[in-house]
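# Geometric and topological summary
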There are 2 protein chains.
Amino acid sequence: MTREERRRRTEAAILLAAQEQFAEQGFERTTIRSVAGQAGVDPALVMQYFGSKEQLFGASARWTVDHKMLGSATREELPATALADMFEGFEDDVQRREAALALLRNCLTHPSAAGVMRDDVMCEAQAAVAGTIGGDDAELRAGVLGACMIGVTIARYLLEIPALTGATREDLERVLLPALRQVVDPG
Amino acid sequence: MTREERRRRTEAAILLAAQEQFAEQGFERTTIRSVAGQAGVDPALVMQYFGSKEQLFGASARWTVDHKMLGSATREELPATALADMFEGFEDDVQRREAALALLRNCLTHPSAAGVMRDDVMCEAQAAVAGTIGGDDAELRAGVLGACMIGVTIARYLLEIPALTGATREDLERVLLPALRQVVDPG
DNA sequence: TCGTTGAGTCAACACCCGTGGAGTGGAGAG
DNA sequence: CTCTCCACTCCACGGGTGTTGACTCAACGA
């Protein structure tokens with residue numbers, strides 16, 4: 001194994017460990033030392049690669065934004081697509097799950113996470129959604145759609161409310177989809 | 001002013017300062033020193049009155065739960081009542097707003113805040129809601145209703161998404177109420 | 001083979017935080 | 001007026017954190 005390859009591999013291990021701990025314990029409660037420990041590396045190396053704890057978190061958040069892929073959809077498909085994206089992002093792929101949780105967990109307490117959440121996830125993605133919704137209230141309806149999705153995601157994957165975690169995908173679709181359709185298409 | 005009265009007044013000032021800072025900066029970023037400073041008091045006094053930073057936060061969270069008053073409602077009134085409670089709790093009364101924000105801001109990163117949110121706010125309140133909804137999916141529907149409300153609250157008052165903050169109460173009612181009715185009454 | 005480069009380590013610094021214990025001064029009781 | 005009590009303060013400790021600079025050693029190029 002070449003030196004450069006080895007370096008990229010440890011850098012990726014550090015980032016993965018950081019994402020996991022940011023996702024589980026939040027920004028403030030994860031320490032550079034514990035991330036380095038989980039990655040099997042000296043704390044100073046984390047600093048050398050990422051510059052600071054803040055920039056390490058920034059890299060983690062950027063990873064999430066880079067790897068979010070929202071499927072395009074017509075107005076009728078929008079609610080089902082949104083729900084499918086949630087399931088895919090939070091249940092199917094492991095690293096995407098950790099990265100998304102890391103962003104969501106900290107978006108209420110960490111300034112840059114809040115910024116990413118507001119600007120990249122909500123505003124930017126919602127602009128596209130608003131375009132496919134159309135009409136006067138398009139931005140508001142897109143915002144409400146996103147807000148409801150965030151609320152359900154938080155309740156199911158972060159707070160782990162029994163009523164939500166105990167539901168299957170089909171349960172959620174049955175209860176949630178008619179409501180979301182009412183949001184995107186009031187007619 | 002009697003001595004006991006003076007004591008209760010400074011204790012209340014400390015609690016209010018704590019609620020404001022917990023609400024704005026989160027648990028980890030607020031320090032006993034800064035709370036004491038805002039209350040015009042020595043940091044040691046905060047410890048003497050509340051025991052620890054953890055218990056200070058617990059008192060703040062308990063205040064929220066004690067002062068939440070969910071209006072009872074029939075199934076038809078449920079969505080409108082939920083929305084009205086949100087407006088009342090987050091816009092009308094100053095201290096209730098700060099207290100509710102303090103709980104909500106930290107419910108993803110602070111264990112005891114998450115516990116209060118899950119057990120007292122979601123589960124307990126939702127049990128009552130599920131009772132008035134009735135039917136097979138009652139718990140799930142109550143959970144989804146609560147999750148959507150939390151999502152909208154977070155988007156509007158914590159993340160401050162423009163599409164949500166720019167909407168009037170009537171706008172929100174017009175967009176959200178039909179969807180919530182679809183949740184509580186699928187027929 | 002030998003010097004160089006760079007991945008990775010080690011020990012320590014400086015800072016800030018929560019917390020504890022001794023001390024102070026003014027209000028209340030007699 | 002005097003003694004007592006208690007709200008309140010001062011100061012310092014111990015621990016944990018992010019961060020740094022000097023160091024080690026194996027891989028690479030000539």
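The following refers to the structure shown. (Residues numbered from 1 in each chain as written. Chains lettered and ligands numbered in written order. Predicted model: local features only at pLDDT ≥ 70, side-chain atom pairs only at ≥ 80, totals over all residues. Heavy atoms only, no water.)

## Describing the packing of helix 8 (residues 138-158) of chain A against helix 10 (residues 169-184) of chain B
Contact geometry for helix 8 of chain A and helix 10 of chain B: axes closest at 10 Å, N-to-C directions at 65 degrees. The hand of the helix 8 of chain A/helix 10 of chain B crossing is right-handed. Here helix 8 of chain A contributes Leu140, Arg141, Val144 and Cys148 of chain A to the contact with helix 10 of chain B, which in turn contributes Asp171, Leu172, Val175 and Leu176 of chain B. Taken together, the residues of the contact of helix 8 of chain A with helix 10 of chain B break down into six nonpolar, no polar and two charged. (Axes fitted to C-alpha atoms, helices over the stretch in contact; angles between N-to-C directions. Helix = DSSP H or I, 4+ residues; strand = E, 2+ residues; numbered from the N terminus. Left-handed = near helix turned anticlockwise from the far one by under 90°. Contact = heavy atoms within 4.5 Å. Nonpolar A, V, L, I, M, F, W, Y, C, P; charged D, E, K, R; others polar.)

## A few points about the nonpolar core
Met86 and Val144 of chain A together with Met86 and Val144 of chain B are the most contacted members of the largest nonpolar core, which totals 136 residues. Residues contacting valine 144 of chain A, with those up to four places away along its chain left out, are Val183 of chain A together with Leu164, Leu172, Val175 and Leu176 of chain B. (Core = buried A, V, L, I, M, F, W, Y, C linked by side-chain atoms within 4.5 Å. Buried < 20%, exposed > 50% of the residue type's maximum accessible area, 1.4 Å probe, protein only.)

## As for helix 6 (residues 94-106) of chain B
All names here are of chain B. With 13 residues, helix 6 extends 19 Å from end C-alpha to end C-alpha; this agrees with the ideal 18 Å at 1.5 Å per step. Of all 13 residues making up helix 6, 10 are buried, and the element is well covered by its neighbours. Along helix 6, the positions that sit buried rather than exposed are Arg96, Glu98, Ala99, Ala100, Leu101, Ala102, Leu103, Leu104, Arg105 and Asn106. Packed against the buried residues of helix 6 are helix 1 (3-25), helix 4 (53-67), helix 5 (78-92), helix 7 (111-133) and helix 8 (138-158). Between the side-chain oxygen at the start of helix 6 and the backbone nitrogen of glutamine 95 there is a gap of 2.9 Å, and the oxygen is on aspartate 93. (Expected span 1.5 Å × (residues − 1). Polar contact = N/O pair within 3.5 Å; in protein donor to acceptor, adjacent residues only side chain to side chain.)

## Considering the pattern of salt bridges
Counted according to the given criterion, the structure contains 24 salt bridges over all chains. The partner of glutamate 11 of chain A in a salt bridge is arginine 7 of chain A, with the nearest N and O atoms 3.4 Å apart. Taken together, the residues glutamate 11 of chain A and arginine 7 of chain A, both in helix 1 (residues 3-25) and four residues apart, mark about one turn of the helix. Among the salt bridges present, the one from aspartate 171 of chain B reaches arginine 174 of chain B, with a minimum N-O distance of 2.4 Å. Here aspartate 171 of chain B pairs with arginine 174 of chain B, and both are found in helix 10, just three residues apart, close to one helical turn. The class of arginine 174 of chain B is partly exposed, set by a relative accessible area of 40%. Within the structure, one salt-bridge network assembled from shared partners comprises Glu91, Asp92, Arg156 and Arg169 of chain A. (Salt bridge = Lys/Arg side-chain N within 4 Å of Asp/Glu carboxyl O.)

## Looking at the protein's contact with DNA strand C
In the vicinity of DNA strand C there are 21 residues, among which Asp42, Ala44 and Tyr49 of chain A together with Arg33 and Lys53 of chain B approach most closely. Protein-proximal atoms of DNA strand C, defined as those within 4 Å of the protein, fall in sugar or phosphate at a share of 60%. A distance of 3.4 Å separates a base oxygen of DNA strand C from a polar side-chain atom of arginine 3 of chain A. When residues of the surface near DNA strand C are traced back to their parent elements, those giving at least two are helix 1 and helix 3 (43-50) of chain A together with helix 2 (32-39) and helix 3 (43-50) of chain B. Taken together, the residues of the surface near DNA strand C break down into seven nonpolar, six polar and eight charged. (Near = heavy atom within 4 Å.)

## Comments concerning the protein's contact with DNA strand D
Taken together, 20 residues lie around DNA strand D, and Arg33 and Lys53 of chain A together with Thr10, Asp42 and Tyr49 of chain B are the ones closest in. Atoms of DNA strand D within 4 Å of the protein: sugar and phosphate make up 58%, bases the balance. In this structure, a phosphate oxygen belonging to DNA strand D sits 2.8 Å away from a main-chain N or O atom of lysine 53 of chain A. Going through the elements one at a time, helix 2 (32-39) and helix 3 of chain A together with helix 1 and helix 3 of chain B are the ones with two or more residues in the surface near DNA strand D.

## Overview of unusual backbone geometry
Residues and elements named next belong to chain A. You will see that glutamate 160, though not glycine, has its phi angle at about 55 degrees, which is positive. Along the chain, glutamate 160 falls in the loop between helix 8 and helix 9 (162-165). Its relative accessible area of 48% is what places glutamate 160 among the partly exposed residues.

## Digging into the environment of threonine 109 of chain A
Take threonine 109 of chain A: it is sitting in the loop between helix 6 (94-106) and helix 7 (111-133). Setting aside anything within four residues of it in sequence, one finds threonine 109 of chain A in contact with Gln25, Gly26, Arg29, Arg105, Asn106 and Thr109 of chain B.

## Thoughts on the relation of the copies chain A and chain B
Mapping chain A onto chain B is achieved by rotating through 180 degrees and translating by 0.0 Å along the same axis, at an RMSD of 0.1 Å. These values place the two chain copies in the arrangement generated by a two-fold rotation axis. Across chain A, the rotation axis passes nearest the C-alpha of glycine 151 of chain A, at a separation of 1.8 Å. Here 98% of the contact residues of chain A are again contact residues in chain B; the copies associate through an equivalent surface. (Least-squares fit on C-alpha atoms with pLDDT ≥ 70 in both.)

## Notes on the interface of chain A and chain B
Between chain A and chain B, the contact holds 47 residues from the first and 47 residues from the second. Taken over both partners, the interface formed by chain A and chain B buries close to 3,800 Å², and the fraction arising from carbon and sulfur atoms is 73%. Considering only the side of chain A, the residues that lose the most area to chain B are Leu108, Leu159 and Val175 of chain A, jointly responsible for 19% of the buried surface there. Connecting chain A to chain B are four salt bridges. Residue arginine 29 of chain A is joined to glutamate 28 of chain B by a salt bridge in which the shortest nitrogen-to-oxygen separation is 2.2 Å. Secondary-structure elements contributing two or more residues to the side of chain A that touches chain B are helix 6, helix 7, helix 8, helix 9 and helix 10 (169-184) of chain A. Among the elements that make up the side of chain A that touches chain B, the one with the highest residue count is helix 8 of chain A (12 residues). (Buried area = accessible area lost by both parts, 1.4 Å probe.)

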